[in-house]
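Observations on the three-dimensional arrangement
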Amino acid sequence: MKSIPEGVTVVEHPLVRVKLTRLRDERTEPGEFRALLAELALLLTMEATRDFSTLPCRVRTPLDDYEGAALTRPVVIVPILRAGLGMVDGMLRVIPGASVGHIGMRRDEKTHRPACYYFNMPPHFAQADVIVVDPMLATGHSASEAIAKLKEGGAQSIRFLCVVSCPEGLAQIRGAHPDVPVFTAAVDERLNEKAYIVPGLGDAGDRCFGTV
Ligand code: URA
């Protein structure tokens, strides 16, 4: 029995497990891979936004007045380039009013630490509910650094959403950012010597964009 760190939600809906199985399958081609990744991102978003606050919002139906709900705060989706891009469309389907910021991380050859080479956010990101996305949470260093950059810029409400994670990545991100809840579809066994998640699904960016 795996122990799941506090602040981590594993979304174990049957549809999530079925779609993730197809995503992992090495025979799944990029077109289907992208569609599955978008659907998984949508399903994970439903869980990650469960506690979003809403304001009363009055509308007129063809028959009567109705008091419904509108989101209290703006939402900013932040994919970590490049594989995170594969999750954005599915999320925008359920939060069409969200803005999208982008973060590019690369490994610094001297320090071997992730360094940010691209940071482009909408002007209101510090006041928004920010959802950082990357399909794979491997070592957790890129995700932690990306979140640190967002905090430096003033972001206060941050969630992290991934499809496949592993104990090492979860320990890293929760250790560095205990205030950031993590949502994942699976916690796999381990990282291998090349920092790939096992059993995982391979390189998510390559499989998404057909660059293998
Ligand atoms: N990035 C990937 O795309 N896959 C892994 O297994 C680890 C990091």
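Now for a quick tour of the structure. All of these numbers come straight from a predicted model, not from anything done at the bench.

Describing the sheet that holds strand 9 (residues 136-137)
- If you trace the three strands from one edge of the open sheet to the other, you get 9-11-13, paired in parallel fashion. Among the strands making up the open sheet, the edge pair consists of strand 9 and strand 13 (186-187).

So, the site of the ligand
- Met-136, Ala-138, Ala-195, Tyr-196, Ile-197, Gly-202, Asp-203 and Ala-204 make up every residue found near the ligand.
- Ala-204 places a main-chain nitrogen or oxygen 2.8 Å from an oxygen atom of the ligand.
- The protein chains hide 82% of the 240 Å² of surface that the ligand would expose on its own.
- More than half of the atoms of the ligand fall within 2 Å of the grid points belonging to the largest pocket.
- The residue inventory of the shell around the ligand, partitioned by class, reads six nonpolar, one polar and one charged.

Notes on the packing of aromatic side chains
- Taken as a whole and judged by the stated rule, the model has one aromatic pair.
- Taken together, a centroid distance of 6.0 Å and an interplanar angle of 75° make the contact between Phe-119 and Phe-125 edge-to-face.
- Residue classification places Phe-119 among the partly exposed positions, given a relative accessible area of 33%.
- According to the relative accessible area criterion, Phe-125 is buried, its value standing at 9%.

Some words on the nonpolar core
- Leu-20, Leu-23, Met-87, Met-91, Ile-131, Leu-161 and Val-163 are the most contacted members of the largest nonpolar core, which totals 36 residues.
- Going through the elements one at a time, helix 1 (14-24), helix 2 (30-48), strand 4 (75-81), helix 3 (85-94), strand 8 (129-133) and helix 6 (204-209) are the ones with two or more residues in this core.
- Sorting elements by how many residues they give to this core places helix 2 first, with seven residues.
- Residue contacts for Leu-161: discarding those within four places in its chain leaves Leu-44, Thr-45, Ala-48, Met-87, Met-91, Ile-131, Val-132, Val-133, Asp-134 and Phe-183.

Parameters at a glance
- Residues numbered from 1 in each chain as written.
- Predicted model: local features only at pLDDT ≥ 70, side-chain atom pairs only at ≥ 80, totals over all residues.
- Heavy atoms only, no water.
- Pairing = 2+ DSSP bridges.
- Helix = DSSP H or I, 4+ residues; strand = E, 2+ residues; numbered from the N terminus.
- Near = heavy atom within 4 Å.
- Polar contact = N/O pair within 3.5 Å; in protein donor to acceptor, adjacent residues only side chain to side chain.
- Areas by Shrake-Rupley, 256 points an atom, 1.4 Å probe, with all protein chains shown as cover.
- 1 Å grid on protein atoms, 1.4 Å probe; cavity = no way out; pocket = protein on both sides within 12 Å on 5 of 7 lines; lining within 4 Å.
- Sits in = over half its atoms within 2 Å of the grid points.
- Nonpolar A, V, L, I, M, F, W, Y, C, P; charged D, E, K, R; others polar.
- Phe/Tyr/Trp six-rings, centres within 6.5 Å; stacked < 30°, edge-to-face > 60°.
- Buried < 20%, exposed > 50% of the residue type's maximum accessible area, 1.4 Å probe, protein only.
- Core = buried A, V, L, I, M, F, W, Y, C linked by side-chain atoms within 4.5 Å.
- Contact = heavy atoms within 4.5 Å.

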